[in-house]
Amino acid sequence: MTTLQVGNRLGAIGANASRFSRPLRDALVVVGIGRALWYFLVQEIRPWEFPGIDTRAYWQVDLAHPYLNSGVGDVSAFLYSPAVAHALAPFGALPFPVFFGLWTVVSLVILGWLVRPWPWALAILALPIIYELCVGNVNFLVAAAIVLSFRAPPLWALPVLTKITIGVGVLWFPVRREWRSLALALGSIALIAAASFALAPTAWVDWIAFLTGSSGRSQLLVLRVTLAAAAVVFGARTDRRWLVPIAVWVAQPNIILNSWVILLAVIRLRGPRSESGASRPA
């Protein structure tokens, strides 16, 4: 059975299951709200009591030693490439409440845009959305970059230079023989990385050492990246853009609670093709 035949078979299954979409949606809404209430009220974990815990790492990054005393899972630890540190360093001149406020506003704008076609997602993913807004990670930015990258491939620089393994989504372009888009994506990554390396070569050496030293702290990473790559290839061959954010989510170095918001990109990518400007394979 060819990839196209598999895709058509899955499409038929999806069409037959569509009559159950409303009951399923309502059930997911109940589960989503219930899970959030359980987390906040029963487990008594309240992320608003430690606001900006991730954003603080971006605000206070030390360009001279960005990875000093940092580790995967550590509080307010900077884990991304030196290029991201260079981009964020100027914001350190702002008071932290101002920086976190700006970060939150940008996150809310992206959230509103992502869920506008299907606002039920706010309830279904209430817990990770609230958590992400409170701690201020980059996941909303990553979700937006994935959606827009079909029209603007250079935006892949943001996901790759933050969480390198999620760059698996770039496989979409060579599978579909979109060579210009692939060149733009890889070229932007290389250009930004080269400029950053010229400014701080030692920081890049430290980052690579940090990544290799932390590889054992990511559970089943090789397997997950392999599965993610397969999902992107299948999605590219069957014209299913919405599989890319799912693959990115699977390929993260660590799948944590708030990273589920990346899946909100699926909403935009299941919409009309003109919205993200993807083209058909050559």
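Preceding this section is the structure that the text describes.
Overview of the structure. Predicted model only: the values in this text are computed from it and were never measured.

1. Thoughts on unusual backbone geometry
Non-glycine residue R177 carries a positive phi angle of around 60°. Mapped onto the fold, R177 is located in the loop between α10 (172–175) and α11 (179–199). The exposure class of R177 is exposed, given its relative accessible area of 53%. For D239, which is not a glycine, the phi torsion comes out positive at approximately 65°.

2. A few points about helix α12 (residues 201–214)
Over its 14 residues, α12 runs 20 Å from end to end, which matches the ideal 20 Å to within 8%, given 1.5 Å per residue. The set of residues buried in α12 consists of A203, W204, W207, F210 and S214. Seen from one end, α12 has its buried residues packed into an arc of 120°, which puts them on one side. Of the residues in α12, the exposed ones pointing more than 90 degrees away from the buried face are T202, V205, T212 and G213. In the core, the buried residues of α12 are packed alongside α4 (82–88), α9 (157–162) and α11.

3. Description of the nonpolar core
Formed by 66 residues in total, the largest nonpolar core has its most connected members in Y58 and L264. Looking at this core, the element that brings in the most residues is helix α5 (residues 96–115), giving 8 residues. If sequence neighbours within four positions are ignored, L264 has contacts with L111, L114, V115, A121, L125, I129 and F140.

4. Section: the pattern of salt bridges
For the coordinates displayed, the defined rule picks out 4 salt bridges. A salt bridge links E178 to R176; the nearest nitrogen and oxygen atoms lie 3.0 Å apart. The same class applies to E178 as to R176, namely buried. Taken together, the shared-partner salt bridges in this structure form one network comprising R176, E178 and D239.

5. Observations regarding the environment of D62
Among the structural elements, D62 can be located in the loop between α3 (55–59) and α4. For D62, a relative accessible area of 38% corresponds to the partly exposed category. The spatial distance from the C-alpha of D62 to the C-alpha of H86 is 9.6 Å, given a sequence separation of 24 residues. A distance of 3.1 Å separates a polar side-chain atom of D62 from the backbone nitrogen of A64.

6. Some thoughts on α11
For α11, with 21 residues, the first-to-last C-alpha span of 30 Å sits near the 30 Å given by 1.5 Å per residue. Along α11, the residues classified as buried are S181, L182, A185, S188, I189, A193 and S196. In a view along the axis of α11, the buried residues occupy a sector of 140°, so they form one face of it. Exposed side of α11, more than 90 degrees from the buried face: W179, R180, L191 and A198 are the residues found there.

7. Remarks on the packing of aromatic side chains
Applying the stated criterion across every chain, the model contains 16 aromatic pairs. Look at Y67 and F78: their rings are 6.0 Å apart centre to centre, the planes differ by 35°, and that puts the pair in the tilted class. Here F78 lies in the loop between α3 and α4 and Y67 lies in the loop between α3 and α4, a separation of 11 residues in the sequence. For the pair shown, Y67 and F78 are each scored as buried. Consider the rings of F91 and F99, whose centres lie 5.7 Å apart with planes at 35°: the pair is tilted. F91 gets classed as partly exposed once you look at its relative accessible area, which sits at 37%. An aromatic cluster of at least three residues, connected via ring pairs, comprises Y58, Y67, F78, Y80, F91, F99, W103 and F210. The positively charged end of R25 is found above the aromatic ring belonging to W120, 4.0 Å away from the centroid. Directly above the aromatic system of F96 lies the positively charged group of R56, at a separation of 3.9 Å from the ring centroid.

Rules used in this analysis
- Numbering of residues begins from 1 in every chain and follows the order in which that chain's sequence is written.
- A pLDDT threshold of at least 70 governs which residues receive local features in this predicted model, and a stricter bar of 80 or more applies before side-chain atom pairs are shown or counted, although totals over entire chains, interfaces and linings include all residues.
- Calculated side-chain values reflect all of the structure's heavy atoms, with hydrogen atoms and water omitted.
- Numbering of helices and strands runs from the N terminus; a helix is a DSSP stretch of H or I covering at least four residues, while a strand is a stretch of E covering at least two.
- Using a 1.4 Å probe on the protein chains alone, a residue whose accessible area is under 20% of its type maximum counts as buried, one over 50% counts as exposed, and one in between counts as partly exposed.
- In this analysis, the expected span of each helix is defined as 1.5 Å times one less than the number of residues it contains.
- The directions considered for the arc run from the helix axis to the C-beta atoms.
- Throughout, a contact is declared for two residues whenever any of their heavy atoms are within 4.5 Å.
- Here, nonpolar core means buried Ala, Val, Leu, Ile, Met, Phe, Trp, Tyr and Cys residues that are tied together by side-chain atoms lying within 4.5 Å of each other.
- We count a salt bridge whenever a side-chain nitrogen from Lys or Arg sits within 4 Å of a carboxyl oxygen from Asp or Glu.
- Two N or O atoms form a polar contact when they lie within 3.5 Å of each other; inside protein one atom must be a possible hydrogen donor and the other a possible acceptor, and for residues adjacent in sequence the pair counts only when both atoms belong to side chains.
- Stacked, tilted and edge-to-face pairs are distinguished by plane angle, under 30 degrees for stacked and over 60 for edge-to-face with tilted covering the rest, among Phe, Tyr and Trp rings (Trp via its six-membered ring) whose centres lie within 6.5 Å.
- The rule for a charge over a ring is simple: NZ of Lys or CZ of Arg within 6 Å of the ring centre, and within 35 degrees of the ring normal.

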